[in-house]
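# Breakdown of the fold
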Amino acid sequence: MIKVAIIIGSTRPGRNGEAVAHWVGDLAAKRGDAEFELVDLKDFDLPLLDEVMPASMGRYDLPHTRTWAAKIDSFDAYVFVTPEYNHSTSGALKNALDFLYSEWNNKAAGFVGYGVNGGARAVEHLRLMMGELQIADVRAQVTLSLLTDFENYSVFSPAAQQENAVGAMLDQVIAWGGALRTLRSHALSRG
């Protein structure tokens, strides 16, 4: 069974992402086709990228990087829960992505965006980063509007059809995550 991280992509006080990620996690837990774990960036307290060597070198000198690398490496796929700040994702999520390289490679990702326009522009920026990190991002995504899926922009109250969007996204993430795990296993046996 593949392991999927649901990554809370904001560390902002009063963030909406925590409620959204727990909702996705609750829906995912009803499935029997994968293991899911919430991963909160706040728990890792990553400073602004402070490793001397580029992540692509795979030489992590600092304990917080090694801890983050071990956590991310343990998954086959990811669901990124991202806010949209200034037409992009959060700085905290961008920073967390930049800390690592090979731990992300040949895995799958799906997105749950939230913002005035459903986080769509934040997700588009993340899709560009996924290519460089060799993460296969799936087409289906969840777009949660602060206008219709939240009360007063802060109390999460998703429209009923959003559950179907989560299901479709998870279907694709799990399928791609499983296929890419086979690819990673094959590459390791050859290496």
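See the structure printed just above.
An account of the accompanying structure is given in this report. Note that the structure is a prediction, hence the values are computed from the model and not measured.

The next thing to look at is the nonpolar core. Counting 30 residues, the largest nonpolar core has V20, V24, V79, V112, L144 and M169 as the members making the most contacts within it. At the level of secondary structure, the elements contributing two or more residues to this core comprise β1 (2-8), α1 (17-29), β3 (77-83), β4 (107-115), β5 (135-145) and α5 (162-190). Those residues in contact with V24, other than ones at most four positions away along the chain, are I6, V79, V112 and V166. Ranked by size, the runner-up nonpolar core spans 29 residues in total, among them L41, A69, L97 and F111.

On to the environment of D43. Here D43 shows up in the loop between β2 (34-40) and α2 (63-73). Residue classification places D43 among the exposed residues on the basis of a relative accessible area of 62%. Separated by 133 residues in the primary sequence, D43 and W176 have C-alpha atoms spaced 27 Å apart.

Moving on to the packing of helix α3 (residues 91-98) against helix α4 (residues 120-132). One way to put it is that α3 packs onto α4 with a least axis distance of 11 Å and a crossing angle of 5 degrees. Regarding the angle of α3 to α4, the classification is roughly parallel. For the pair formed by α3 and α4, the contact residues are L93, K94 and L97 on the first element and L126, M129 and M130 on the second. Tallied by class, residues from the contact of α3 with α4 come to 5 nonpolar, no polar and 1 charged.

Parameters and conventions
Residues numbered from 1 in each chain as written. Predicted model: local features only at pLDDT ≥ 70, side-chain atom pairs only at ≥ 80, totals over all residues. Heavy atoms only, no water. Core = buried A, V, L, I, M, F, W, Y, C linked by side-chain atoms within 4.5 Å. Buried < 20%, exposed > 50% of the residue type's maximum accessible area, 1.4 Å probe, protein only. Helix = DSSP H or I, 4+ residues; strand = E, 2+ residues; numbered from the N terminus. Contact = heavy atoms within 4.5 Å. Axes fitted to C-alpha atoms, helices over the stretch in contact; angles between N-to-C directions. Parallel < 35°, antiparallel > 145°, perpendicular 65-115°, else oblique. Nonpolar A, V, L, I, M, F, W, Y, C, P; charged D, E, K, R; others polar.

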